[in-house]
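Observations on the three-dimensional arrangement
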Amino acid sequence: MKKLVIILLMLSFCGASFAQDISRHEVDSLISALKRSKADTARINLLLTLAKFQIFKPGEYQQDLDSAVVFIEKAKALNARLKSNKSLEFITLTGAFLIKERGQTELSKKMVEQVIIMINAEKDKSYLADAYFALSDYYDYNDPKQLSEKINLVEKAVTGFQQSGNKERQGLSLKVLADLYINQGKYSVALEKLNLSLEAYNSIHYTQLQGVYVLYGSIYINNGNYKQALVYELMALDYAEKNKDTSMNLCQINNYIGIVFYQLGEKEKAVNYYETALQIAEKNNDNDNVLVMIANLVDNYTGMGAPEKGLRLLYTTPKKFLVPKHDQSDYMIPQAYFSIYYFLNDYKKAGFYADKLINTINEHKPDYANLGGIYYTVANYYISTRQFIKARNLLKKNDLLTYNTVDPFRANQMDYLRFLLDKASGNYKSAVERLLKYNMVKDSLFNETKSKQIKELEIAYETQKKEDSLKIKDKNITVLNQQHQMQQGYLDRANLLRNVTFGGILLLFVIMGLLYRQYCNKQRTNQMIMHKNELLEHLVSEKEWLLKEVHHRVKNNLQTVVSLLELQSENLSDDALSAIHDSQNRIYAMSLIHQKLYQTDNIASINMQPYLLELMNHLRAIYNPERTINFDLQVAPIELDVSQAIPVGLIVNEAVTNSMKYAFNYPASNHEIAIVLAQNKKHAVKLIIADNGSGLTPGFINADANGLGFKLMNALAGDIEGKLTVESKEGTVIKVIFNASITFDERAEIPEPEKAYSI
């Protein structure tokens, strides 16, 4: 809903931007110059400039228009004597502005088109650019076809001002052009036009730059980079205060700062800026933007859990400000009341305003961005009140709208509503599939691997048993051979000592008895050793299977926690929802470790190469489904035990998540995140996560080192006795160096990675 309000207020300034920015102080200077001027074309220009000031003054007061008529008539009378074609064109153009302000839009447009024909005959680039610029104001930015023509006319004006060397008007037209491209969602093109506008203004030392910086901020608001947006909006506010700007530009700036603070969770600060913007809109009698500020304040109050303040604001606002000037603002008040009563669970009153809201947008359909926000809000209400048919109808209407606007954020929101709809209507199978689509585990592969390992263990056991039996037989044959040799010796000795006394023969039998006893003891000892070996093999086998089962159950429990967190996130938004999603990714990184342990024969260590590849595929599916970010993995097949693999996986998860969420604030085709994991012969492991994004702002590391992400990465690096460093040059580089717990001599040499795995 916040995005809806941002777009409405931003576009409401497009029309007003076509008038030249003239301050009260400059008007006083023009009046003084008029008194001293001669009766020539310069005097006509002064008169018409003062007329334009009266026409474009905030509010629609008859005395202002009457003053403009006086200036225009004086210019006509003077030109009747001078007979200047250029002055006649300027007079006609200014008269067209006056007629449009009185509501005669079609007649005014024809006058501007006639002026363009007149100027084309004289080939005056500067006047022609002004005429194109004025004509563009007659096209509606809410209509995609008219918006394209509007942009085309402003592009022509930019070219004309550039060719004529009018830097001030060139800067203004480029600023308006950037605003129109923002409306189309083309933020990179808008940034390019803003840079050119700032360059043109700086070349003439122009100081009224608040309008440029407020548009810079709006781009970063739409991209979700609220910290950078706040920097630009505060710069815009500083310029506005220095230039004593009290126009609607100041309202826009305060509104955007309020939006940024709201998104950053600083709702009390947001209220102050919203109230300031509301006061400026009321002072300028700008009803449409008064309604926008009321909607923003109501949204902020409900976000603070104080909807009664929103009701008080609606009741105390003078009724004259609650009447919209344009059809595009008709739905603002019904939406404000709907938000309040929906928050209070007063579904009867909320339903009344929901119906009113639907009727209003059917009669005066807003632009696609605002319409999508309304569909989302009302569909959510229908689901909460179990009006499933109405909810499905709104989701169907949004399908075509989402296709036309190509907004992944809104598509994700609508997918979530479909999950809520399936769950509320009892279609639990579909709801679970939607909820756990990023966390599906292929347990069938585990069962196949388990059966295969059992067969392999049975074959190995039988083979070992046969080998032990052969060894025992060989040992028995050796003993019998020794006995035979001994007996043969005894016989030979008996033949030689035949005459030896009876005592010698008795001694011989004693020795034989002792040898036989020793032989029996050896047999018993061998049997006991063989039995203990079999028992130990059985215990080792059971231990390995128990460890695999433990890892399997731990993995399943972690996946259950992920699912519970997903269900818990139903009632959360903004920072809380982001924290839940970050926790899910951390748990998934740990779960993946246990999955690898029970799916491989080695239960003591993890091969980091396939593990990091699968982790990156998971993160890409969540944060980069359109593959706008390239991943460059240079990971050697290093084996780490669980105590080091889990911290390394969590560090990579934190660093890559931060890069994908915050590093790339502009559309481009060369976004890249690189991950390097290598080991030298001194057993030191080097982990590098780098991106080519916008990098960290100056002082970020010192200022934000207490953030959860950096705290977590520093703590994890400490767990593996490693050192973490962060650099920001052309992007962000995070390095961790630590010693592997498995020593170098315990495994084959790990080479430096040579192949990059792109995903």
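Report on the accompanying structure. (Residues numbered from 1 in each chain as written. Predicted model: local features only at pLDDT ≥ 70, side-chain atom pairs only at ≥ 80, totals over all residues. Heavy atoms only, no water.)

**Describing the pattern of salt bridges**
The criterion, for reference: Salt bridge, as applied in this entry: a Lys or Arg side-chain nitrogen positioned within 4 Å of an Asp or Glu carboxyl oxygen. Where helices and strands are cited, they refer to DSSP runs of H or I of at least four residues and of E of at least two residues respectively, numbered from the N terminus. With a 1.4 Å probe rolled over the protein chains alone, any residue whose accessible area is under 20% of its type maximum counts as buried; one over 50% counts as exposed, and the rest are partly exposed.
Across all of its chains, the model carries 5 salt bridges by this definition. For Glu73, the salt bridge is made with Lys76, and the minimal N-O distance between the two is 3.8 Å. Note that Glu73 and Lys76 are positioned in helix α4 (residues 62-82) at a spacing of 3 residues, about one turn of the helix. Measuring nitrogen to oxygen at the nearest pair gives 2.7 Å for the salt bridge that ties Asp130 to Arg169. Note that Asp130 is positioned in helix α7 (residues 125-136) and Arg169 in helix α9 (residues 167-183), a separation of 39 residues in sequence. In this structure Arg169 comes out as buried when scored by relative accessible area, which is 6%.

**Quick look at unusual backbone geometry**
Phi at His205 takes a positive value of approximately 60 degrees, unusual for a residue other than glycine. Structurally, the position occupied by His205 is in the loop between α10 (187-203) and α11 (210-222). Its relative accessible area of 69% is what places His205 among the exposed residues. A positive phi angle is found at Arg386, which is not glycine, with a value near 60 degrees. When you line up the elements, Arg386 lands in the loop between α19 (368-384) and α20 (388-405). By relative accessible area, Arg386 is classed as exposed at 54%.

**Describing the environment of Asp299**
Along the polypeptide, Asp299 turns up in helix α15 (residues 287-303). Distance in space between the C-alpha atoms of Asp299 and Tyr262 is 9.6 Å, their sequence separation being 37 residues.

**Regarding helix α5 (residues 85-101)**
Threshold: Take the residue count of a helix, subtract one, and multiply by 1.5 Å to get its expected span. Any N or O atom pair separated by 3.5 Å or less is treated as a polar contact, with the protein-specific requirement of one donor-capable and one acceptor-capable atom, and with residues adjacent in sequence counted only for side-chain atom pairs.
A rise of 1.5 Å per residue sets the reference length of α5, with its 17 residues, at 24 Å; its end C-alpha atoms lie 25 Å apart and thus fit the reference within 8%. Its side-chain oxygen 3.2 Å from the backbone nitrogen of Ser87, Ser84 forms the N-cap of α5. Phi turns positive one or two residues past the end of α5, at Gly103, with a value near 100 degrees.

**Observations concerning the pairing of strand β7 (residues 731-739)**
Consecutive side chains of a regular strand alternate in pointing toward one face of the sheet and then the other. Where we set the bar: Pairing between two strands is assigned when DSSP locates at least 2 bridges connecting them.
By the bridge criterion, 8 bridges tie strand β5 (residues 684-691) to β7 in an arrangement that is antiparallel. Across the sheet, Ala690 pairs through a bridge with Val733, a residue of β7. The pairing of strand β6 (residues 723-729) with β7 spans 7 bridges and is classified as antiparallel. Paired with Thr725 across the two strands is Lys735, which belongs to β7. Hairpin connection, β6 to β7: the antiparallel pair is bridged by 1 residue.

**Focus: the pairing of β5**
The element β5 is largely enclosed, with a buried count of 7 among its 8 residues. Direction of pairing for strand β4 (residues 671-679) relative to β5: antiparallel, over a ladder of 7 bridges. Paired with Ile675 across the two strands is Ile689, which belongs to β5.

**Some points on the packing of aromatic side chains**
What counts, and what does not: Note on ring pairs: Phe, Tyr and Trp rings are taken, using the six-membered ring of Trp, and paired if centres are within 6.5 Å. Classes follow the plane angle, with under 30 degrees stacked, over 60 edge-to-face and the rest tilted.
Scanning the model with the defined rule gives 19 aromatic pairs in all. Judged by centre distance (6.0 Å) and plane angle (10 degrees), the rings of Tyr341 and Tyr353 are stacked. Separated by 12 residues along the polypeptide, Tyr341 in helix α17 (residues 332-343) and Tyr353 in helix α18 (residues 347-363) bring together distant segments of the chain. Here the aromatic cluster, defined as three or more aromatic residues joined through ring pairs, consists of Tyr213, Tyr216, Tyr220, Tyr232 and Tyr239.

**Topic: the nonpolar core**
We count it as follows: For this analysis, a nonpolar core means a set of buried residues of the types Ala, Val, Leu, Ile, Met, Phe, Trp, Tyr and Cys, connected via side-chain atoms within 4.5 Å. The contact rule is simple, with two residues in contact once any of their heavy atoms fall within 4.5 Å.
Counting residues in each nonpolar core, the largest one holds 135 residues, and the members touching the most others are Tyr216, Leu314 and Val378. Of all the elements, helix α13 (residues 248-263) adds the most residues to this core, at 10 residues. Discounting chain neighbours no more than four positions away, the residues touching Tyr216 are Leu191, Leu194, Asn195, Leu198 and Tyr232. Membership of the second largest hydrophobic core comes to 43 residues, among which are Tyr611, Val635, Leu687 and Ile689.

**Let's talk about a nonpolar patch on the surface**
Using the following cut-off: In this analysis, a patch consists of residues with relative accessible area above 30% that form no salt bridge, clustered at 9 Å for like charges and at 5 Å for the nonpolar side chains Val, Leu, Ile, Met, Phe, Trp and Tyr. To measure how exposed things are, a 1.4 Å probe is used in the Shrake-Rupley method; for residues, cover is taken only from the protein chains shown.
A cluster of nonpolar side chains, contributed by Phe502, Leu506, Leu507, Val510, Ile511, Leu514 and Leu515, occupies part of the molecular surface with about 660 Å² of accessible area. Tracing the sequence through the fold places Leu515 in helix α24 (residues 502-568).

**Overview of the packing of helix α12 (residues 226-242) against α13**
In plain terms, the rule: The angle between two axes is taken between their N-to-C directions and runs from 0 to 180 degrees, where each axis is a line fitted to C-alpha atoms and a helix contributes only its stretch in contact. In this scheme, roughly parallel covers angles under 35 degrees and roughly antiparallel covers those over 145, while 65 to 115 is roughly perpendicular and the rest are oblique. Note: crossing handedness is left-handed where the near helix turns anticlockwise from the far helix by less than a right angle, and right-handed where it turns clockwise. Each residue is assigned to one class: nonpolar for Ala, Val, Leu, Ile, Met, Phe, Trp, Tyr, Cys and Pro, charged for Asp, Glu, Lys and Arg, and polar for all the others, Gly among them.
Taken N-terminus to C-terminus, the directions of α12 and α13 make an angle of 155 degrees; their axes are 9 Å apart at the nearest point. As the angle between them shows, α12 and α13 are arranged roughly antiparallel. Of the two elements, α12 crosses α13, and the hand of that crossing is left-handed. Contacts from Tyr226, Ala229, Leu230, Glu233, Leu234, Ala236, Leu237 and Ala240 in α12 reach Leu250, Ile253, Asn254, Tyr256, Ile257, Val260, Phe261 and Gln263 in α13. Considered class by class, the residues forming the contact of α12 with α13 number 13 nonpolar, 2 polar and 1 charged.

**Some words on the side chain of Lys150**
This is how the line gets drawn: Charged residues are defined here as Lys and Arg on the positive side and Asp and Glu on the negative side; His and the ends of the chain fall outside this count.
Inspection of the secondary structure assignment puts Lys150 in helix α8 (residues 144-164). An unpaired buried charge is present at Lys150: no salt bridge exists, and Asp137, the closest side chain of opposite charge, is 4.3 Å distant. A distance of 2.9 Å separates the side chain of Lys150 from the backbone oxygen of Ser136, its partner in a polar contact. A distance of 2.8 Å separates a polar side-chain atom of Lys150 from the backbone oxygen of Tyr139.

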